[in-house]
Amino acid sequence: MSKLRPRPQRGQFHLPKELYGYSALGAPLFYFPAQSGHKPGLVMAGTHGDEVAAVVALSCALRSLATNQLKHHVILAVNPDGCQLGTRCNANGVDLNRNFATENWDGGGNVYRWNSAADARDVQLGTGNRPASESETSALSQLITKLAPPWTVSIHEPLGCVEDPDKTALGAWLAEGMQLPLVEQLGYQTPGSFGTWCAERALPCITVEFPPISADAASEEYLDILIGLITYDQ
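Everything numeric here is computed off the predicted structure, so don't read it as measured data.

Draft legend 1. Highlighting the overall build of the protein chain. Check the secondary structure of the protein chain and you find seven helices and ten strands. Whereas a compact globule of 234 residues would reach a radius of gyration of roughly 17 Å, the protein chain reaches 17 Å, a difference of no more than 12%. Overall size of the protein chain, expressed as C-alpha extent along the three principal axes, is 50 × 35 × 35 Å. Evaluated residue by residue, the protein chain yields a buried proportion of 50% over its 234 residues. For the protein chain, the exposed area adds up to about 10900 Å²; of that, 50% sits on carbon and sulfur atoms. Averaging the locations of the 16 positively and 24 negatively charged side chains of the protein chain gives two centres separated by 8 Å.

Draft legend 2. Representation of helix H7 (residues 223-230). Counting buried positions over the eight residues of H7 gives seven, a clear majority of the element. Those residues of H7 lying buried are Leu-223, Ile-225, Leu-226, Ile-227, Gly-228, Leu-229 and Ile-230. Looking at the buried residues of H7, the elements they touch are strand E3 (42-44), helix H1 (52-64), strand E4 (73-75), strand E7 (152-156), helix H4 (169-178) and helix H6 (215-221).

Draft legend 3. Up close: the pairing of E7. For E7, the buried fraction is high: five of the five residues fall into the buried class. In this sheet, E7 lies alongside E3 in parallel orientation, the contact comprising three bridges. Residue pairing in the sheet places Leu-42 in a bridge with Thr-152 of E7. Two elements, E7 and strand E10 (residues 205-209), share five bridges in a ladder whose sense is parallel. Looking across to E10, one finds that Ile-155 is bridged to Val-208.

Draft legend 4. Structural detail: the pattern of salt bridges. Counting across every chain of the model gives five salt bridges. A salt bridge links Asp-233 to Lys-71; the shortest N-O distance between them is 2.6 Å. Pair noted here: Asp-233 is in the segment after H7 and Lys-71 is in the loop between H1 and E4, with a separation of 162 residues, a long-range link. Ionic pairing is found between Arg-88 and Asp-95, a salt bridge with its closest N-O pair at 3.6 Å. You can call Arg-88 buried: its relative accessible area is 14%.

So, how was this worked out
Residues numbered from 1 in each chain as written. Predicted model: local features only at pLDDT ≥ 70, side-chain atom pairs only at ≥ 80, totals over all residues. Heavy atoms only, no water. Helix = DSSP H or I, 4+ residues; strand = E, 2+ residues; numbered from the N terminus. Rg over C-alpha atoms; globule rule 2.2 N^0.38 Å. Buried < 20%, exposed > 50% of the residue type's maximum accessible area, 1.4 Å probe, protein only. Areas by Shrake-Rupley, 256 points an atom, 1.4 Å probe, with all protein chains shown as cover. Lys, Arg positive; Asp, Glu negative; His and termini not counted. Charge placed at Lys NZ, Arg CZ, Asp CG, Glu CD. Contact = heavy atoms within 4.5 Å. Pairing = 2+ DSSP bridges. Salt bridge = Lys/Arg side-chain N within 4 Å of Asp/Glu carboxyl O.

Here it is, written out as structure tokens:
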């Protein structure tokens, strides 16, 4: 790769971004379009607003690139309201990763663990009053239809693995580079999830799950692999 931006210059963004919608509270939904490369994929984080390590680490990777080095589209915060409020859900109390218009969407709600140390999934969230009811979910679905990426990578935490049902070379590369287990499924049902939505459209989706890690540690430990991801040559 050509030379990255010097560290003193990485405090702010210089890459262009494009608007693709608005959140429930009216925050802009934007992505950083690929500036070079062939058939760019899509890398995204911040679907759950309490998973901040992924957002910060991916932001650091983006800010490290020089002009024209970005080869894939990037969304830093699918759920900007949740990121601001520190909640897993969006401002309407909906888990966006259970709100996609899939065949198995379930309107009965969802539960999750309070934190990675909790014994049970007992914290309740909504899944929307209909599939893709939320502005964030609807806008993302439309953006992906428009961009038609050949693959997607969705970064979450804190399960500490790389889920790749399609067994792609990219998934294996990520698992090896991050020293995380490579799995074909997470082991529990995810109705209305982004991964299920992609599977129904034959769109390869790799879910990267950071382990329980601070944003500071993630931006150090995973910076190189994330830079490699967003400049990945297919």
